[in-house]
Amino acid sequence: MMFGKFFKPQTHYVFDYKPRYYSERKERLKKLQEKAEIAPPIISKNNLKNEWIKKKQSSASHGTMIRLAIIITILVGIATYVFDLHRLF
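Note that residues are indexed from 1 along each chain, following the sequence as it is written. Given that this is a predicted model, residues contribute local features only at a pLDDT of at least 70 and side-chain atom pairs are listed and counted only at 80 or more, while totals for whole chains, interfaces and linings are drawn from all residues. As a rule here, side-chain values cover all heavy atoms of the structure and leave hydrogens and water aside.

1. Section: the overall build of the protein chain
Every helix listed is a DSSP run of H or I at least four residues long, and every strand listed is a run of E at least two residues long, numbered separately from the N terminus. Secondary structure assignment for the protein chain yields three helices and zero strands. Buried means the residue's accessible area, taken with a 1.4 Å probe over protein chains only, is under 20% of the maximum for its type, while exposed means over 50%, and partly exposed covers the values in between. Looking at the protein chain as a whole, 1% of its 89 residues qualify as buried. Roughly 10100 Å² of accessible area belongs to the protein chain as shown, and the carbon and sulfur atoms make up 65% of that amount. All accessible-area figures derive from a Shrake-Rupley calculation using a 1.4 Å probe, and residue coverage is judged against the displayed protein chains alone.

See below:
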């Protein structure tokens with residue numbers, strides 16, 4: 001019995017390989033579908049209008065902040081120039 005294990009030829013290991021195809025587009029669509037099933041978006045005239053106004057206000061406030069920063073910088077530069085000029089006399 002003991003010699004049977006040593007002289008017995010090894011059997012080949014058989015792999016159970018199944019090739020898989022990965023499609024990024026399909027995965028993205030599947031995630032979007034699942035998200036839509038969980039919480040369907042509410043589309044109404046008021047909802048779209050509010051979203052549009054909110055988006056417009058955020059971009060307008062960004063431009064206003066940049067403009068305000070430039071004006072403050074110019075005013076500070078003029079003030080330092082005037083005070084430095086006043087010290088010379």
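2. Things to note about helix α2 (residues 24–38)
The span expected for a helix works out to 1.5 Å for each residue beyond the first. A rise of 1.5 Å per residue sets the reference length of α2, with its 15 residues, at 21 Å; its end C-alpha atoms lie 21 Å apart and thus fit the reference within 8%. Across the 15 residues that make up α2, only a small minority, zero, are buried.

3. Some details on the confidence of the model for the protein chain
Atomic detail in the predicted coordinates should be set aside for any region of low pLDDT. With 73% of its residues at a pLDDT of 70 or more, the protein chain shows a mean pLDDT of 77. Per-element confidence in the protein chain is highest for α2, whose mean pLDDT is 85, and lowest for helix α1 (residues 2–7), whose mean pLDDT is 59. For every residue, the predictor states its confidence as a pLDDT score lying anywhere from 0 to 100.

4. Describing a nonpolar patch on the surface
On the surface, Ile-66, Ile-70, Ile-71, Ile-74, Leu-75, Ile-78, Tyr-81, Val-82 and Leu-85 cluster together into a nonpolar patch covering about 860 Å² of accessible area. Mapped onto the fold, Ile-70 is located in helix α3 (residues 45–88). In this structure Ile-70 comes out as partly exposed when scored by relative accessible area, which is 48%. Every patch collects residues that have over 30% relative accessible area and no salt bridge, joining them within 9 Å if they carry like charges and within 5 Å if they are nonpolar side chains (Val, Leu, Ile, Met, Phe, Trp, Tyr). Salt-bridge detection follows one rule: a side-chain nitrogen of Lys or Arg within 4 Å of a carboxyl oxygen of Asp or Glu.

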